[in-house]
Amino acid sequence: MIEEMRAVCKDMAHAMGLVLFPRGCAGCGEPHEVLCVKCARLFSKRYTFALAGTVLGEGFASARYEGAVRHAILAWKDHGDEECDGPFADIMATLLCRDECLARLRGYGHVLVVPTPSSPRSVRARGRDHMMPLARSLARALREQGVDAKACGALEMRGMHGKSVQTRSARQRSRRVAGHIDVSKRMRTALLERRDLAVIIVDDIVTSGATMRACVQAFRNIEVPVFGAASLAYAPATGT
Ligand SMILES: [Zn+2]
């Protein structure tokens, strides 16, 4: 009973909040929407980017990182718009819950959905690890399709201050992340005991792919296969 009342109060508070501070679409500001139909449609593509050393040899992204897509991702990632977790999780699931991927993923005993790591400083600044809710939702969506999937923050970033998308060139970014991403000691032992395992790496924005490649390498170092990767958006790198 108390739980029910609590839920009703929460709904009322949410509804009152919307009256007092009506929200707009995270992408374009259209009133009363978390992500309007028009902006959601921008995330319905399927770009591929090369990702050597993985089972698929490529990763998928649902949009180009520009305009309303960029606004929506920044609102969610850096300005605390946690209501975007839901639509973004659905977008991520659409990228991977496809017959050709599912058929192969069902062949593994266990599939770990692993977010690219943020530095401890970025996590503190945001107040949360923003990729984990998406990784959990993707794992749930995969389980509903018969894949034994679980979200796991197996990677960590050491000795780096922030993961900046603004770093100028692909080469600079590559140099910046190389050697700073590794499987956490705690997870390393657990993963080494599992032989029928594959990993899917998830990220918010892929630019040069340097972060993704560093994540793939971290798993290759302990001989855990990476199936592929999914990202909300793809920003083709300028400069090499
Ligand atoms: Zn919109």
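Residues numbered from 1 in each chain as written. Predicted model: local features only at pLDDT ≥ 70, side-chain atom pairs only at ≥ 80, totals over all residues. Heavy atoms only, no water.

Enquirer: Please clarify how the packing of aromatic side chains should be interpreted in this entry.
Expert: By convention here, two paired aromatic rings are described through the distance between centres and the angle between planes. Taken as a whole and assessed by the stated rule, the structure comprises five aromatic pairs. On the numbers, 5.3 Å between centres and 50 degrees between planes, the contact of Phe 43 with Phe 88 is tilted. Taken together, the positions of Phe 43 in the loop between helix H2 (37-42) and strand S1 (47-50) and Phe 88 in helix H4 (residues 85-96) put the pair 45 residues apart, joining distant regions of the chain. The exposure class of Phe 88 is buried, given its relative accessible area of 0%. Put simply, the rings of Phe 43, Trp 76 and Phe 88 pair up and form one aromatic cluster. For the cation-ring pair, Arg 46 lies above Phe 60, with the distance from its terminal atom to the ring centre recorded as 3.7 Å. (Phe/Tyr/Trp six-rings, centres within 6.5 Å; stacked < 30°, edge-to-face > 60°. Helix = DSSP H or I, 4+ residues; strand = E, 2+ residues; numbered from the N terminus. Buried < 20%, exposed > 50% of the residue type's maximum accessible area, 1.4 Å probe, protein only. Lys NZ or Arg CZ within 6 Å of the ring centre and 35° of its normal.)

Enquirer: Sorry, what's going on with the pattern of salt bridges here?
Expert: A side chain with one charge can pair with a side chain of the opposite charge if their charged atoms come near. Enumeration over the complete set of coordinates arrives at eleven salt bridges. Ionic pairing is found between Glu 156 and Arg 158, a salt bridge with its closest N-O pair at 2.9 Å. Relative accessible area serves as the criterion here: at 29%, Glu 156 is assigned to the partly exposed category. For Arg 158, a relative accessible area of 37% corresponds to the partly exposed category. Among the ionic pairs, Asp 182 bridges to Arg 188, the shortest N-O distance being 3.0 Å. Given the relative accessible area of 27%, Arg 188 is considered partly exposed. (Salt bridge = Lys/Arg side-chain N within 4 Å of Asp/Glu carboxyl O.)

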